[in-house]
Amino acid sequence: MPISWRYVSCATSGPIVYHFKDGSSQWWTAVQIRGHKNPIASLEFKDEGGQWQAVPRLDYNYFVAEQGMGPGPYAFRVTDTAGNVLEDSNVPLVADGEAPGAGQFPACE
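Residues numbered from 1 in each chain as written. Predicted model: local features only at pLDDT ≥ 70, side-chain atom pairs only at ≥ 80, totals over all residues. Heavy atoms only, no water.

A. Representation of the overall build of the protein chain in the model. The number of helices and strands found in the protein chain is zero helices and eight strands. Tracing the protein chain from N to C terminus, the helices and strands come up as β-β-β-β-β-β-β-β. Against the compact-globule benchmark of 13 Å for 109 residues, the protein chain has a radius of gyration of 15 Å, which places it among compact chains. Taken along its principal axes, the extent of the C-alpha atoms in the protein chain is 55 × 25 × 25 Å. Counting only residues that meet the buried cut, the protein chain has 38% of its 109 residues in that class. Counting only contacts in the protein chain whose residues sit at least 6 apart along the sequence, the fraction spanning at least 24 positions is 60%. (Helix = DSSP H or I, 4+ residues; strand = E, 2+ residues; numbered from the N terminus. Rg over C-alpha atoms; globule rule 2.2 N^0.38 Å. Buried < 20%, exposed > 50% of the residue type's maximum accessible area, 1.4 Å probe, protein only. Contact = heavy atoms within 4.5 Å.)

Now the structure itself:
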């Protein structure tokens, strides 16, 4: 029997949210993207030299910079699995807390 499928965007409103894991600091930083319409493919942060640095995702769904991202505030670039990109700047480090982004991904078509 032929089967077809497609992604369906989550029914969410408002911008994405950056959740910082308990223990996050300028020396070790773990970020989880929450409230997103589509699956997340990657997270990058802009380093002190202005270059985008990829942050690896670990199996517990946090993107972890083992050497930290510095004291913040941060510039983040988030890409979903459809290739849509959101960029946020001036995101504060909120240990065991959340900081809202400015935008949301478009719904899958």
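B. The packing of aromatic side chains, seen in detail. Taken as a whole and judged by the stated rule, the model has five aromatic pairs. With a centroid separation of 4.8 Å and an interplanar angle of 35 degrees, the aromatic rings of Y18 and F76 are classed as tilted. Within this pair, whereas Y18 is found in strand β1 (residues 17-20), its partner F76 is found in strand β6 (residues 74-80), the two being separated by 58 residues in sequence. As far as burial versus exposure is concerned, Y18 and F76 are alike and both buried. Counting every residue linked through ring pairs, the aromatic cluster contains Y18, F20, Y74 and F76. The side chain of K21 reaches across the aromatic face of Y62, ending 5.4 Å from its centre. (Phe/Tyr/Trp six-rings, centres within 6.5 Å; stacked < 30°, edge-to-face > 60°. Lys NZ or Arg CZ within 6 Å of the ring centre and 35° of its normal.)

C. Local environment of the sheet that holds strand β4 (residues 52-55). Overall, antiparallel pairing links the four strands, which are arranged β4-β3-β6-β7 in an open sheet. If you trace the sheet from one side to the other, it starts and ends with β4 and β7 (85-91), each paired once. Along the sheet, successive strands turn relative to each other by an average axial angle of 25 degrees, direction set aside. (Pairing = 2+ DSSP bridges. Axes fitted to C-alpha atoms, helices over the stretch in contact; angles between N-to-C directions.)

D. Main features of the environment of V17. Looking at the secondary structure, you find V17 in strand β1. In the structure, V17 is positioned 87 residues away from Q104 in sequence and 9.4 Å away in space, judged by C-alpha atoms. Filtering out sequence-adjacent residues up to four positions away, V17 remains in contact with Q32, I33, R34, E98, A99, P100 and G101.

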